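# Descriptive analysis of the structure
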Amino acid sequence: MSMKKLRFAILGCGFWSQFQLGGWKELKGAECVALYNRTKSKADDLAKRFGIPSTYDDAVELMRKEELDFIDIITDVDTHSKFVELAARHKKHVICQKPMAPSFSIAKKMMQVTRDAGVKFHVHENYRWQPQIRRIKQILDSGVIGKPFRCNSLWNTAFPLFETQPFLAALKQFALTDQGSHQFDVLRYLFGEAETIFTQIQTVNPTIKGEDVATSMLRMKNGMVCIQQISFSSPLEKEVFPQVLLVVEGDRGSVRLDPGYNFAITSGNKTTYESMTMQKYDWQTERLEPEPPAIVACNNDILQDLLENTKAETSAEDNFETVRLVWAAYESANSGKNVVIKNMV
């Protein structure tokens, strides 16, 4: 296995960058050498905290001066394409946060630009890497519940997300781009590709521009039906942000993922219970429990691809199928019709 340490820069030093950089610090095969942020003081603060040698408020200057193997884009989604194109011009591999792009057409352009430049393009999609989701996959693959035929996926919260990420309130498309990107990807990871989708969206919070509630029904190619709920405006008995809850029914049993990473696994007339404790890191917040280990795992998976050791799960080619689902959901919501996924081209 190659022992080369790759040099990279982070573009964007907003709220989420501290977690992404913390995740990289857990890995021995990569070294962050520079940070960019349009407000340089934010880059300076993050650099001081994590010991990064160089900061910039000009991304072009950074790319010109630094010797890099790849860049990690953690900026607002509207700027992803600009920085992906910048990386491609400099023949550098590139990672960007989900959602890949602010529109389906721009996502297709980003894919083409990186293909033409011959650089690797990955999307940091961490939900499928959360330990409780990996455990669900293990349970399903074991065959203990038989052949799955239906899944209920619930991501419902009233957590004040806009206090730490105020830019989300200004997005014209919100719930599906922000959380649909995660939740549809989880469904793809667990059950394969979707054949059709029907979605309804609502705006409950009058202070934001986009939808904050989305309800989707997906027919998967394997015959399963998945009902997926997203809400940012649901005050529930127990606030479990940012956890996703799941019930998967099979022809010989079921598995349920409850709050607190608790599992109920029913096979025949017997139910067994499991619980999971998340690994803690000194750079995480108390609220974010499954994300930090997922960030580390996702970063490592991408790193091994960049080191030519394995192929990453969240390549842009794979994540584009999640992008396709998100924009098929919007097409369904706008038309009021069931949308065939293969027709989204």
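Predicted model only: the values in this text are computed from it and were never measured.

Reading the values: rules and limits
- Residues numbered from 1 in each chain as written.
- Predicted model: local features only at pLDDT ≥ 70, side-chain atom pairs only at ≥ 80, totals over all residues.
- Heavy atoms only, no water.
- Core = buried A, V, L, I, M, F, W, Y, C linked by side-chain atoms within 4.5 Å.
- Buried < 20%, exposed > 50% of the residue type's maximum accessible area, 1.4 Å probe, protein only.
- Helix = DSSP H or I, 4+ residues; strand = E, 2+ residues; numbered from the N terminus.
- Contact = heavy atoms within 4.5 Å.
- Expected span 1.5 Å × (residues − 1).
- Arc of directions from axis to C-beta.
- Pairing = 2+ DSSP bridges.
- Axes fitted to C-alpha atoms, helices over the stretch in contact; angles between N-to-C directions.
- Phe/Tyr/Trp six-rings, centres within 6.5 Å; stacked < 30°, edge-to-face > 60°.

Right, let's talk about the nonpolar core for a bit. Counting residues in each nonpolar core, the largest one holds 77 residues, and the members touching the most others are Leu 62, Met 100, Phe 121, Leu 190, Phe 191, Ile 197 and Leu 218. Residue contributions to this core peak at nine residues, all from helix H9 (residues 316-335). Residues in contact with Leu 190, not counting those within four places in the same chain, are Ile 133, Ile 136, Lys 137, Leu 140 and Leu 246. Core analysis: the next-biggest nonpolar cluster, separate from the first, contains 33 residues, Ala 47, Phe 50, Trp 283 and Ala 294 among them.

Look at the link from Lys 98 to Pro 99: it is a cis peptide, with omega at -10°. Here Pro 99 is to be found in the loop between strand S5 (93-97) and helix H5 (104-117). Unlike most non-glycine residues, Tyr 261 shows phi in positive territory, near 65°. For Tyr 261, the position within the fold is in the loop between strand S12 (253-258) and strand S13 (262-267). Residue class for Tyr 261 comes out buried when judged on its relative accessible area of 5%. A positive phi is found at Glu 308, a non-glycine position, where the angle reads about 65°. Within the element layout of this structure, Glu 308 appears in the loop between helix H8 (291-306) and H9. Residue classification places Glu 308 among the exposed positions, given a relative accessible area of 60%.

Let us look at H5. Here H5 is 14 residues long and its end C-alpha atoms lie 20 Å apart, about the 20 Å a rise of 1.5 Å per residue gives. Those residues of H5 that sit buried are Phe 104, Ala 107, Met 110, Met 111, Thr 114 and Ala 117. Projection of H5 onto a plane perpendicular to its axis shows the buried side chains occupying an angular sector of 160°, all on one side. Looking at the buried positions of H5, the neighbouring elements they touch are helix H4 (80-89), S5, strand S6 (121-124) and H9. One or two residues past the end of H5 sits Gly 118, with phi positive at roughly 70°.

With that settled, the discussion passes to the sheet that holds strand S14 (residues 270-275). Reading across from one edge, S14-S13-S12-S11-S7-S10-S9-S8-S15 is the order of the nine strands in this open sheet, with mixed pairing throughout. One side of each edge strand has no neighbouring strand; the edge strands of this open sheet are S14 and strand S15 (339-340). Sheet topology places strand S9 (residues 213-220) next to strand S10 (residues 225-231); seven bridges connect them, and they run antiparallel. Paired with Ala 214 across the bridge in S10 is Ile 230. Most of the contacts of helix H6 (residues 131-142) go to S12, to which it runs at about 175°, and overall it touches strand S7 (148-156), strand S11 (245-250), S12, S13 and S14. Packed onto the sheet, H9 meets strand S8 (194-202), S9 and S15 and runs at close to 55° relative to S8.

For the coordinates displayed, the defined rule picks out 15 aromatic pairs. Look at Phe 159 and Phe 241: their rings are 4.2 Å apart centre to centre, the planes differ by 5°, and that puts the pair in the stacked class. Taken together, the residues span a long stretch of sequence, with Phe 159 in the loop between S7 and helix H7 (175-191) and Phe 241 in the loop between S10 and S11 at a distance of 82 residues. By relative accessible area, Phe 159 is classed as partly exposed at 21%.

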